[in-house]
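Structural characterization, general
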Amino acid sequence: MWELIRANKRKSLFLFFVMGICLLVLGFFIGGAYAGDDGGFIGLFVAFGIWILMSMISYFRGDSIILMMSRAKKVSYNVHPQLFNVVEEMKLAANLPVMPDIYIIPEEAPNAFAVGKKPEYCAIAVTAGLLERLNRDELQGVIAHEMSHILNRDVLFMTFSGVLLGSIVFLSHVFLRSMWFSGGGSRFRSKSSKGGGQLQLILIVVALIMAILAPLMARLLYLAISRKREYLADASAVRLTRYPEGLACALEKISLNNYEMKTANKATAALYIANPLKPKGMKLSNLTSTHPPMDERIRILRNISHGANFIDYQNAFTSIKGKQNIIPSSGIRERKKINIRTSTAASTQTKSTKKSTRDLGDLMRAVNKYMFLSCACGLKMKLPPNFKKDKISCPRCGRENHVPIAELAAMSGMIAIDEKNDSIQNNEQVKQDSFVYNRTGKGWETFSCRCGSPKQLSPAFNKASFVCNKCGRKIEIKGP
Amino acid sequence: MDCPVCKNEPMIVLELNEVEIDYCLSCKGIWLDAGELELLLGSSTETVEFLNSFTSDDITKEKTHKCPICNKKMEKILVIGNRKVRIDKCKYNHGIWFDSGELEDILGMRKLDNKNKVLTLLNDMLGKKIKE
Amino acid sequence: MVGFIVAIAILMIIVLSLIGIYNGLIRLRNQVKNAWSQIDVQLKRRHDLIPNLVETAKGYMKHEQDTLKGITEARSKAMGAGSVGDKAKAESELNGAMSKFFLVVENYPDLKANSNFLAVQEELTSTENKIAFARQSYNDQVLFFNNKIQMFPSNVIAGMFNFKENEFFEIEDEAERAVPKVNFS
Ligand SMILES: [Zn+2]
Ligand SMILES: [Zn+2]
Ligand SMILES: [Zn+2]
Ligand SMILES: [Zn+2]
């Protein structure tokens, strides 16, 4: 697996180089078309400058730009414990040095992407719709796929080649536009008519051809690479999870989705696990799509029979797509048999549409920092982050409820306090008359211990009991 | 999301028995996101007929409000039963705004609500005495 | 003179590449160590979670005090185990107690619906997975490290500085992995 990454890096560098040459040659000819012999080098220089500048921007600010564009919100553990757990599992499997930052995109369309220039600094973003639809194994498959992109340095490469592609498209666009407006280049001809008119004309023709062809070439190259990377990430995901069916089911569920992602665009589309933009016409899709066809990816995953190593993915791939090397040879060389494991996910009871709509809504609200309160009467109140009063009287029963704004601000600290109250270790302090509190929901809840000291449960509080720090009484928490 | 009537007043979300409404604590109006009404009433033929019967009422002088989601002016819809109720609906279909009591009125006069289950729940949610 | 400089340069390159290989081996060995320590971290985490599980279940499982006691005892045994052999034995006993517990849970729908229980259950499932994935990753690292030690030119350095091949954690095969699996269904 680790040799594979190195082989992958070398290949990436080579392709990146080819695209770079493409840009520089384009710059050279466009420059030449404008200002004759010397212009070529000026053009070269300008193209190089544009490329360096854009690469710098994408290297240093790329992650945050992409995350901002997709409206992804960084979330804490209690918003979705399972997501954090699954990411940590895959972090262990991939032996990643640090835990990636976790973002949730409040969108209904199921999708995910990863960003990060190196494994030491990376982030994974998933949509709320994805979390709502997938079970544990499926989520694991998706996260493993994203983790593979990070491991294989795909993200860095895809952003860089995306920037290159953008520069090429931009340059040819500007050139073609200027040619159009100057009436087929008559301006250039008259300007350089003193000498070398012949050469100039040739340069203009070549530049025109280049300007039309280069973006197409670069685009095809880019798409081919990005598609190959998707297959490779699928293969690596199988290697990490040892469970191809998880990813297959996830992709199946994702492909059944009807929502278009509002926050995705052409520039970021290649990063997602599934193309977030609905195809306008299907005819050219095989050549012009950043992603391999979904049903093909699923069929390959379902065709994996022997084991979970790269060779097994390659064999499944060959049996469906024919002879074509998708895995670098160093990956194939690894012959160790890796067994496919069995499913571990609990058989999920299918939720009613109403229930899943509510859960999805609550997840999006949690992402958007809503506060969840449960009144003792059973009414659930969800307060937006701009709700600033510290008291709210329940519309149903009229009870005054305390709004834990200050506590929410210090939430991370507070949960830590909760967790330190290990009920087992504090056994000797426990008084005989333990106090039972029945939780009404999963949100913030306030009550007072029998000694009168106020207690507050955070949404993340999941202990069965804790000890009152005033009177030492054991307080048992019963679920709703 | 802020109340379209009170402005700058954040609406809170209330949930009881899987029924969810956006509620303004100061004017007691209710906002239902697109699709929530269908979720509330179920997709019976009466509901579909009711939703299709919406026609905008341009002549009214009632003050218009802005959609809390897209901030564009909402249109007035006249619902006629034994009384007339004017509700505000976003032209871009983000949802419907009911002033205090309007949703209950509509549920009461159009027989959308099988055995008044939704109405009972709504009254319970907002702490109103259930009319027998 | 020129010959001397060339000789020095070649020597420098050789020394530098040897240092590079040596550092690479050290890095790999640290990765193996890190992967191994992750297994321990996760095993310990499971021990920490068990009291929560027992606390949550206590109220619901009045008639299963023996099962609960079994888990608590297996846990303290596993925590107290000294040698690697004892540890492995105690851990597998704990696995047995846990499987028994989750079999019994099937008869308590109230407990299964309890949100505290669901949260602990998710944590336990995840910890089981983490143990398995940490082992898997340890084996991957060991494979890579051992390959490096056997291959030229790193085998020369490895021989000089006495780098030893690491052993695989053999529990990774299917039959063994099935045992600690917590069956939440
Ligand atoms: Zn991907
Ligand atoms: Zn209340
Ligand atoms: Zn209001
Ligand atoms: Zn609107």
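Described in the following lines is the structure provided in the data block.

Each value, and the rule that gives it
Residues numbered from 1 in each chain as written. Chains lettered and ligands numbered in written order. Predicted model: local features only at pLDDT ≥ 70, side-chain atom pairs only at ≥ 80, totals over all residues. Heavy atoms only, no water. Donors = N, O, S within 2.8 Å, 3.2 Å for Na, K, Ca; no water. Tetrahedral: all angles 85-135°; square planar, octahedral: opposite > 155°, others 65-115°. Buried < 20%, exposed > 50% of the residue type's maximum accessible area, 1.4 Å probe, protein only. Pairing = 2+ DSSP bridges. Helix = DSSP H or I, 4+ residues; strand = E, 2+ residues; numbered from the N terminus. Contact = heavy atoms within 4.5 Å. Buried area = accessible area lost by both parts, 1.4 Å probe. Salt bridge = Lys/Arg side-chain N within 4 Å of Asp/Glu carboxyl O. Axes fitted to C-alpha atoms, helices over the stretch in contact; angles between N-to-C directions. Parallel < 35°, antiparallel > 145°, perpendicular 65-115°, else oblique. Left-handed = near helix turned anticlockwise from the far one by under 90°. Phe/Tyr/Trp six-rings, centres within 6.5 Å; stacked < 30°, edge-to-face > 60°. Expected span 1.5 Å × (residues − 1). Patch = residues over 30% accessible without salt bridge, like charges linked within 9 Å, V, L, I, M, F, W, Y side chains within 5 Å. Areas by Shrake-Rupley, 256 points an atom, 1.4 Å probe, with all protein chains shown as cover. Lys, Arg positive; Asp, Glu negative; His and termini not counted. Charge placed at Lys NZ, Arg CZ, Asp CG, Glu CD.

As a further point, take the coordination of the zinc ion (ligand 4). All names here are of chain B. Note on the zinc ion (ligand 4): its protein donors are Cys 67 (SG), Cys 70 (SG), Cys 90 (SG) and His 94 (ND1). The metal-donor distances range over 2.0 to 2.3 Å. Geometry at the zinc ion (ligand 4) is tetrahedral, judged from its 4 donor atoms and the angles of 98 to 124° they form at the metal. Considered as a linear motif, the donors of the zinc ion (ligand 4) on their single chain read C-x2-C-x19-C-x3-H. For Cys 67, a relative accessible area of 1% corresponds to the buried category.

Moving on, we get to the sheet that holds strand S4 (residues 121-127) of chain A. Residues and elements named next belong to chain A. Reading across from one edge, S1-S2-S4-S3 is the order of the 4 strands in this open sheet, with mixed pairing throughout. Single-partner strands in this sheet number two, and they are strand S1 (73-74) and strand S3 (112-118). The pairing of S3 with S4 spans 5 bridges and is antiparallel. Pairing of Lys 118 across the sheet is with Tyr 121, part of S4.

Let us now look at the coordination of the zinc ion (ligand 2). All names here are of chain A. Within the protein, Cys 375 (SG), Cys 377 (SG), Cys 394 (SG) and Cys 397 (SG) serve as the donor atoms for the zinc ion (ligand 2), at 2.1 to 2.3 Å. Expressed as a motif, the donor residue spacing for the zinc ion (ligand 2) is C-x1-C-x16-C-x2-C. Of this pair, Cys 375 sits in the loop between strand S5 (371-374) and strand S6 (380-383) while Cys 394 is found in the loop between strand S7 (391-393) and strand S8 (400-402), placing the two residues 19 residues apart along the sequence.

Listed as interface residues are 21 residues of chain A and, on the opposing side, 21 residues of chain B. Taking both partners together, chain A and chain B bury about 1900 Å²; carbon and sulfur atoms supply 50% of that area. The interface formed by chain A and chain B contains 7 salt bridges. One salt bridge connects B:Glu36 with A:Arg358, and the closest N-O pair in it is separated by 3.1 Å. If you list the elements that add at least two residues to the side of chain A that touches chain B, you get helix H13 (353-367) and S6 of chain A. Ranked by residues supplied to the side of chain A that touches chain B, first place goes to H13(A) with 6 residues. Two elements, S6(A) and strand S1 (residues 12-16) of chain B, share 3 bridges in a ladder whose sense is antiparallel. When the bridges of S1(B) are listed, A:Met381 appears paired with B:Leu14.

Residue and element names in this part refer to chain B. Relative orientation of the contacting elements helix H3 (residues 102-109) and helix H4 (residues 117-125) amounts to 155°, with a least axis distance of 9 Å. Classified by the angle between their axes, H3 and H4 sit roughly antiparallel to one another. The element H3 and its partner H4 pack so that their crossing is left-handed. Note on element contacts: H4 touches H3 through Val 118, Leu 119, Leu 122 and Asn 123, opposite Leu 103, Glu 104, Leu 107 and Gly 108.

This brings us to unusual backbone geometry. Residues and elements named next belong to chain B. Positive phi, close to 65°, is recorded for Glu 18, a residue that is not glycine. Its identity is not glycine, yet Asn 93 carries a phi of approximately 60°, on the positive side. Summarising the element assignment, Asn 93 is placed in the loop between strand S5 (84-89) and strand S6 (95-98).

Residue and element names in this part refer to chain A. Using the criterion set out here, one finds 8 aromatic pairs over all chains in the structure. Taking the centre distance of 4.9 Å and the plane angle of 75° together, the rings of Phe 113 and Tyr 272 count as edge-to-face. Note that Phe 113 is positioned in strand S3 and Tyr 272 in the loop between helix H8 (244-255) and helix H9 (285-288), a separation of 159 residues in sequence. A single burial state applies to Phe 113 and to Tyr 272, both of which are buried.

What follows is about the environment of C:Leu11. Checked against the element boundaries, C:Leu11 lands in helix H1 (residues 2-58). Taking the C-alpha atoms as reference points, C:Leu11 and C:Ser76, 65 residues apart in sequence, are found 59 Å from one another.

With that settled, consider helix H11 (residues 310-321) of chain A. Over its 12 residues, H11(A) extends 16 Å from the first C-alpha to the last, a length consistent with the 16 Å expected when each residue adds 1.5 Å. Just past H11(A), the residue A:Gly322 takes up positive phi, approximately 85°.

We now examine a positive patch on the surface. Residues B:Lys7, B:Lys63, B:Lys66, B:Lys73 and B:Lys91 make up a contiguous surface patch of positive charge. Relative to the elements of secondary structure, B:Lys91 occurs in the loop between S5 and S6.

To continue, consider the pairing of strand S13 (residues 474-478) of chain A. All names here are of chain A. Pairing analysis gives 4 bridges linking strand S9 (residues 435-438) to S13, with the strands arranged parallel. The residue bridging Val 436 from the neighbouring strand is Glu 476, located in S13. Here strand S12 (residues 465-467) pairs with S13 via 3 bridges, running antiparallel. Bridge pairing links Phe 466 to Ile 475 in S13.

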